[in-house]
Amino acid sequence: MMSSKGVVILGSTGSIGCQTLDVVSQNPDKLHVVGLACGTRVSDMQRQAQKFSVRHTAVGADDALDLIDLDGVDIVVNALVGAAGLRASYKTLMAGKTLALANKESLVVGGDLLMPMADKPGRLMPIDSEHGAIYQCLMGEEASHVRRLWVTASGGPFRGMTTDQLKNVTAKEALAHPTWNMGPKITIDSSTLMNKGLEVIEAHHLFDMPYERIEVVVQPQSAIHSMVEYTDGSVKAHLGTTDMRIPIQFALSYPERWDAPVAPLDFRELGSLEFAAPDTKTFRCLALAREAGKTGGTLPAVMNAANEVAVGAFLQGECSFLDIAACVEDAMEKHKVQRVESIEQLQEVDMDARRCALNYLSDCTAA
Ligand code: MG
């Protein structure tokens, strides 16, 4: 009999945090919560702590770091938002614990630092439907037999719209995602296709795959969560209902597979599966992220920081939808790329890029 795994959840009151607790409550003999950390919704977290008999709680990304070192912690679920999650990812891997990573920005910004520490199978488990899917399609296969990764995208709420039509779209419209129910930052990223750009960089690091062998395909039903194409022409796809508890549970159960009370996918009701190339001329963030990834070094950190600032401004109604890509592009153009050397260097680059983005956006509003 396996002993119960001790879990720390960083970002416990967000969408991934709440769904992780749901997975824990479905598996009371296999998982228990050792610590919880949140950003601002402290009373929500206190209710969670009471319900799950959790003694250790923390508020803010800095205090959350202390939870990682607690006795009895096997897995850290990093569901913090943005580059602020990098330190927690780094510390978790340094401490030799399993990192269940929903904070994709960690890998985008610091993949060069994190991946050498995730040297054993199961040390870094992605909590992202696409990467969980690719992870499973790769199980039992030789890396040398892989030809390409196919990362699927829903296309977001604005799929099919022209640049002109996108000029005046609002945050409220962008927050209405067609297939997945997620937090505000990632939902806006999905509407600009930046989320897919971040995921391409995430896939590059996680699966040690060159960018020219990572393809993005729009699959509007989100039934196919991603695919792996092999050198003999075979393609393996991972399908399932659009329920984040599936990839969350897989990250926590690996190398086992546990039962889950999720709605089964009925192919007879699904009817058809559509595919299309992404429109990267209109949704420029995907192309910008790819360029940042290919260039490498500190450029992905700059791209990510500028995006975080622009998304924050868009959510507040302080810039337009199209300003997001323009702001990211401006910050990337102004940056002198360096090799990644340390967390401190990345934090400095991140802060500079945020200042640059704020400057750019204040010019937009003045104009
Ligand atoms: Mg995803």
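In this text, all values refer to a predicted model and were calculated from it rather than measured experimentally.

### Here's the deal with the environment of Leu 346
On the secondary structure map, Leu 346 appears in helix 16 (residues 343-366). The sequence separation of Leu 346 and Asp 208 amounts to 138 residues, and the corresponding C-alpha distance is 21 Å. Here Leu 346 is in contact with Leu 86, Val 109, Gly 110, Leu 113, Thr 298, Ala 301 and Val 340, once residues within four sequence places are set aside.

### Some points on helix 14 (residues 299-315)
With 17 residues, helix 14 extends 24 Å between its outermost C-alpha atoms, agreeing within 8% with the 24 Å of an ideal straight helix rising 1.5 Å per residue. The buried fraction of helix 14 amounts to 15 of the 17 residues, a majority that puts the element mostly inside the structure. One or two positions beyond helix 14, positive phi appears at Gly 317, with a value near 75°.

### Section: the nonpolar core
Core analysis: the largest hydrophobic core is formed by 102 residues, its most contacted members being Leu 36, Ile 127, Leu 149, Leu 252, Met 303 and Phe 314. Counting residues per element, this core draws most heavily on helix 14, at 11 residues. Counting residues domain by domain, this core receives three or more from each of domain 1 (5-127) and domain 2 (143-216 + 278-366). Apart from residues lying up to four places away in sequence, Ile 127 is in contact with Ile 16, Val 77, Ala 100, Leu 101, Ala 102, Met 244, Ile 248 and Ala 251. Core analysis: the next-biggest nonpolar cluster, separate from the first, contains 14 residues, Val 8, Leu 65, Leu 70 and Val 76 among them.

### Concerning the domain arrangement of the protein
As assigned here, the protein comprises domain 1 (5-127) and domain 2 (143-216 + 278-366). Each of domain 1 and domain 2 has a C-alpha centre, and these two points are 24 Å apart. At the interface, 20 residues of domain 1 touch 27 residues of domain 2. For the pair domain 1 and domain 2, the summed buried area comes to about 1900 Å², and 67% of that belongs to carbon and sulfur atoms. Looking only at domain 1, the three residues that lose the most surface to domain 2 are Lys 104, Val 108 and Val 109, adding up to 33% of its buried area. Counting across the interface, domain 1 meets domain 2 through 3 salt bridges. Two residues, Lys 185 and Glu 105, come together in a salt bridge whose shortest N-O distance is 3.1 Å. On inspection of domain 1 and its partner domain 2, the count reaches 5 residue pairs in polar contact (both at pLDDT 80 or more). Those elements giving two or more residues to the side of domain 1 that touches domain 2 turn out to be helix 1 (15-26), helix 4 (86-94), helix 5 (104-114) and strand 6 (124-126). Per-element accounting of the side of domain 1 that touches domain 2 gives the leading share, 9 residues, to helix 5. Considering only residue class, the side of domain 1 that touches domain 2 consists of 11 nonpolar, 5 polar and 4 charged.

### Let's talk about the pattern of salt bridges
Opposite charge on two side chains permits them to pair, given that their charged atoms come into close proximity. Under the counting rule described, the total for this entry stands at 23 salt bridges. Between Lys 196 and Glu 130 there is a salt bridge whose closest N-O contact spans 2.7 Å. With Lys 196 in helix 10 (residues 194-206) and Glu 130 in helix 6 (residues 129-138), this residue pair connects regions lying 66 residues apart in the sequence. For the pair shown, Lys 196 and Glu 130 are each scored as buried. If you follow the salt bridges from partner to partner, you end up with Lys 104, Asp 128, Glu 130, Lys 196 and Glu 199 in one network.

### What to know about the coordination of the magnesium ion
Tetrahedral metal sites with four donors have an ideal angle of 109.5 degrees; octahedral sites with six donors have ideal angles of 90 or 180 degrees. Coordination of the magnesium ion by the protein is provided by Asp 128 (OD), Glu 130 (OE) and Glu 199 (OE), with metal-donor distances spanning 2.0 to 2.1 Å. Spacing between the donor residues of the magnesium ion along the chain follows D-x1-E-x68-E. Accessibility expressed as a relative area gives 5% for Asp 128, which makes it buried.

### Describing a nonpolar patch on the surface
A cluster of nonpolar residues, Leu 239, Phe 267, Leu 273 and Phe 275, forms a patch on the protein surface that exposes about 360 Å² of accessible area. Topologically, Leu 273 is positioned in the loop between helix 12 (267-270) and helix 13 (284-295).

Calculation notes
- Residues numbered from 1 in each chain as written.
- Predicted model: local features only at pLDDT ≥ 70, side-chain atom pairs only at ≥ 80, totals over all residues.
- Heavy atoms only, no water.
- Helix = DSSP H or I, 4+ residues; strand = E, 2+ residues; numbered from the N terminus.
- Contact = heavy atoms within 4.5 Å.
- Expected span 1.5 Å × (residues − 1).
- Buried < 20%, exposed > 50% of the residue type's maximum accessible area, 1.4 Å probe, protein only.
- Core = buried A, V, L, I, M, F, W, Y, C linked by side-chain atoms within 4.5 Å.
- Domains from an automatic or database assignment.
- Buried area = accessible area lost by both parts, 1.4 Å probe.
- Salt bridge = Lys/Arg side-chain N within 4 Å of Asp/Glu carboxyl O.
- Polar contact = N/O pair within 3.5 Å; in protein donor to acceptor, adjacent residues only side chain to side chain.
- Nonpolar A, V, L, I, M, F, W, Y, C, P; charged D, E, K, R; others polar.
- Donors = N, O, S within 2.8 Å, 3.2 Å for Na, K, Ca; no water.
- Patch = residues over 30% accessible without salt bridge, like charges linked within 9 Å, V, L, I, M, F, W, Y side chains within 5 Å.
- Areas by Shrake-Rupley, 256 points an atom, 1.4 Å probe, with all protein chains shown as cover.

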